[in-house]
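# A structural walkthrough
Here is how the chains run, residue by residue.
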Amino acid sequence: MQLTVRDKILDLTLPRVMGILNATPDSFSDGGIYNEDEPALNRIEEMVSRGASMIDVGGESTRPGADPVSQGEELERVIPVLKQAIPKYPDVFFSVDTTKYRVAEEALKCGVHLVNDVSGLNDPRLVELCVEYGAGYILMHSQGDPRTMQDDPAYDDVVNDLFLFFKEKTALAEQKGLRQIIIDPGIGFGKTLAHNVALLSGLETFQSLGYPILVGASRKSMIGEMLEGRPVDDRLIGTVVTHYHAMLNGANIIRVHDVKEAVDSLMIYKALKRVSSH
């Protein structure tokens, strides 16, 4: 399970922790905290020091009900941060969380290793960009856009529907020459609690596609619901347990706000894996 991104080997034989940097004023969990360059760079330093080997930088909130952000504003939020952070942490893999071609292009010029596309390949040109720059591509499934995705999400069979979605979209990407693909079922993106639970329970189904799997359930409403109405700032244990379950079922990357706790759980996972494999 290795990808070559920007001439660097991203080894996913064992899972990795991806830290979230929301350079936004309105993200559901930490909006408004890191939307200036200095706090954002300090946050990256903190996450790297706590063991994150991947950092995902986004300048547009994708929480349910969020309004879109202009291209210019998104560029202003993420590019100065990436320009400073990428050279500073040569061993860290950076991704840009965007659906916009121009933002992805400018981020790739800064040296990002992956484009994290929550639109599910709405713009096929993103694949061509990744091929041009030798970058990786994170293909996430989403039903609808952030403003409307939670209105009434519906599937025939959510696991099978997403399996077919990934099969079709990865084939399209591979036809354009892209091999460095990571798939993400998009927990909470146009899904009910029942859909999210089915996807996490059926994660192994997606392993047969042959791509690394990313899961991002950090602090999401599904955890609040399972914990009977728990608010965002009290979902840490629920997040850690959910991601641990995901790793047991085949997740190669967990995308988190709380890096230290995620890294602790990964250390336990690795130690137990070593014992069970002897």
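You'll find the structure just up there.
Reference entry: report on the structure contained in this document. Keep in mind the model is a prediction, meaning the values are calculated, not measured.

### A closer look at the overall build of the protein
Scanning the protein from N- to C-terminus turns up 10 helices and 10 strands. Once local pairs closer than 6 in sequence are excluded, the contacts in the protein between residues at least 24 apart make up 69%. By element, 49% of the accessible surface of the protein is carried by carbon and sulfur atoms, the whole surface being about 12000 Å².

### Quick look at the sheet that holds strand 3 (residues 16-22)
Spatial ordering of the open sheet is given by 8-7-6-5-4-3-10-9, a layout of eight strands whose pairing is parallel. Sheet topology places strand 8 (181-184) and strand 9 (214-215) at the edges, where each strand pairs with a single neighbour. Across the sheet, helix 1 (residues 37-49) lies against strand 3, strand 4 (54-58) and strand 5 (93-97), angled at about 165 degrees from strand 3, the strand it touches most.

### Observations regarding the packing of aromatic side chains
With the rule as written, the count across this model stands at three aromatic pairs. Aromatic pair Phe165 and Phe166: ring centres 5.2 Å apart, planes at 65 degrees, arrangement edge-to-face. Here the aromatic rings of Tyr244 and Tyr269 are separated by 5.9 Å at their centres, their planes lie at 80 degrees, and the arrangement is edge-to-face. Residue Tyr244 is found in helix 9 (residues 236-248), and its partner Tyr269 is found in helix 10 (residues 259-276); the two are separated by 25 residues along the sequence. The class for Tyr244 is buried, based on a relative accessible area of 19%. Aromatic rings pair up to connect Phe165, Phe166 and Phe206 into one cluster.

### Thoughts on the nonpolar core
Judged by nonpolar contacts, the single largest core of 70 residues is most densely connected at Ile55, Leu82, Phe94, Ile183 and Phe206. Residue contacts for Ile55: discarding those within four places in its chain leaves Met18, Gly19, Leu21, Ile44, Met47, Val48, Val92, Phe93, Phe94 and Ser95.

### A short note on the pattern of salt bridges
One pass over the full model with this rule turns up 16 salt bridges. Between Arg255 and Asp56 there is a salt bridge; the shortest N-O distance is 2.8 Å. In this pair, Arg255 sits in strand 10 (residues 253-256) while Asp56 sits in strand 4, placing the two residues 199 residues apart along the sequence. Here Arg179 ties to Glu174 by a salt bridge, and the two come within 3.6 Å at their closest N and O atoms. Under the relative-accessibility criterion, Arg179 is labelled partly exposed at 47%. On the basis of relative accessible area, Glu174 is assigned to the partly exposed category, the value being 26%. When salt bridges with common partners are traced through the structure, they connect Arg43, Glu46 and Arg50 into a single cluster.

### A short note on helix 3 (residues 101-110)
Of all the 10 residues making up helix 3, seven are buried; the element is thus mostly covered by neighbouring parts of the structure. Every buried residue belonging to helix 3 is among Val103, Ala104, Glu105, Glu106, Ala107, Leu108 and Cys110, and all of these are buried.

### Some remarks on unusual backbone geometry
At Leu121, a residue that is not glycine, the phi angle is positive and equals roughly 70 degrees. Here Leu121 is to be found in the loop between strand 6 (114-117) and helix 4 (125-133). With relative accessibility at 4%, the residue Leu121 sits in the buried group. Non-glycine residue Arg219 carries a positive phi angle of around 60 degrees.

### Looking at the packing of helix 5 (residues 158-175) against helix 6 (residues 193-201)
Viewed as axis vectors pointing N to C, helix 5 and helix 6 meet at an angle of 65 degrees, and their least axial separation amounts to 9 Å. One way to sum up the angle between helix 5 and helix 6 is to call them roughly perpendicular. Facing Val158, Val159 and Leu162 of helix 5, the residues of helix 6 in contact are His195, Ala198 and Leu199. Along the lines of polarity and charge, the residues of the contact of helix 5 with helix 6 split into five nonpolar, one polar and no charged.

### A word on helix 6
By the burial criterion, the buried members of helix 6 are His195, Asn196, Leu199 and Leu200. Seen from one end, helix 6 has its buried residues packed into an arc of 130 degrees, which puts them on one side. Of the surrounding elements, those touching the buried residues of helix 6 are helix 5, helix 7 (204-207), strand 9, helix 8 (221-226) and helix 9.

### So, the environment of Glu225
Tracing the backbone through its elements, the reader meets Glu225 in helix 8. Residue Glu225 is classed as partly exposed on the basis of its relative accessible area of 46%. Residues Glu225 and Leu193, spaced 32 residues apart in sequence, show a C-alpha to C-alpha distance of 7.6 Å.

### Let's talk about the pairing of strand 6
One face of the sheet, then the other: side chains in a regular strand alternate in exactly this way. The alternating pattern of strand 6 places Leu114 and Asn116 and Val115 and Asp117 on opposite faces, both of which are buried. Summarising the sheet, strand 5 and strand 6 pair through three bridges and their orientation is parallel. Bridge assignment links Ser95 to a residue of strand 6, and that residue is Leu114. Crossover handedness for the path strand 5 to helix 3 to strand 6: right-handed. In this sheet, strand 7 (residues 136-140) lies alongside strand 6 in parallel orientation, the contact comprising four bridges. Bridge assignment links Leu114 to a residue of strand 7, and that residue is Gly136.

Cut-off values and rules
Residues numbered from 1 in each chain as written. Predicted model: local features only at pLDDT ≥ 70, side-chain atom pairs only at ≥ 80, totals over all residues. Heavy atoms only, no water. Helix = DSSP H or I, 4+ residues; strand = E, 2+ residues; numbered from the N terminus. Contact = heavy atoms within 4.5 Å. Areas by Shrake-Rupley, 256 points an atom, 1.4 Å probe, with all protein chains shown as cover. Pairing = 2+ DSSP bridges. Axes fitted to C-alpha atoms, helices over the stretch in contact; angles between N-to-C directions. Phe/Tyr/Trp six-rings, centres within 6.5 Å; stacked < 30°, edge-to-face > 60°. Buried < 20%, exposed > 50% of the residue type's maximum accessible area, 1.4 Å probe, protein only. Core = buried A, V, L, I, M, F, W, Y, C linked by side-chain atoms within 4.5 Å. Salt bridge = Lys/Arg side-chain N within 4 Å of Asp/Glu carboxyl O. Parallel < 35°, antiparallel > 145°, perpendicular 65-115°, else oblique. Nonpolar A, V, L, I, M, F, W, Y, C, P; charged D, E, K, R; others polar. Arc of directions from axis to C-beta. Right-handed = clockwise from strand over helix to strand, strands pointing away.

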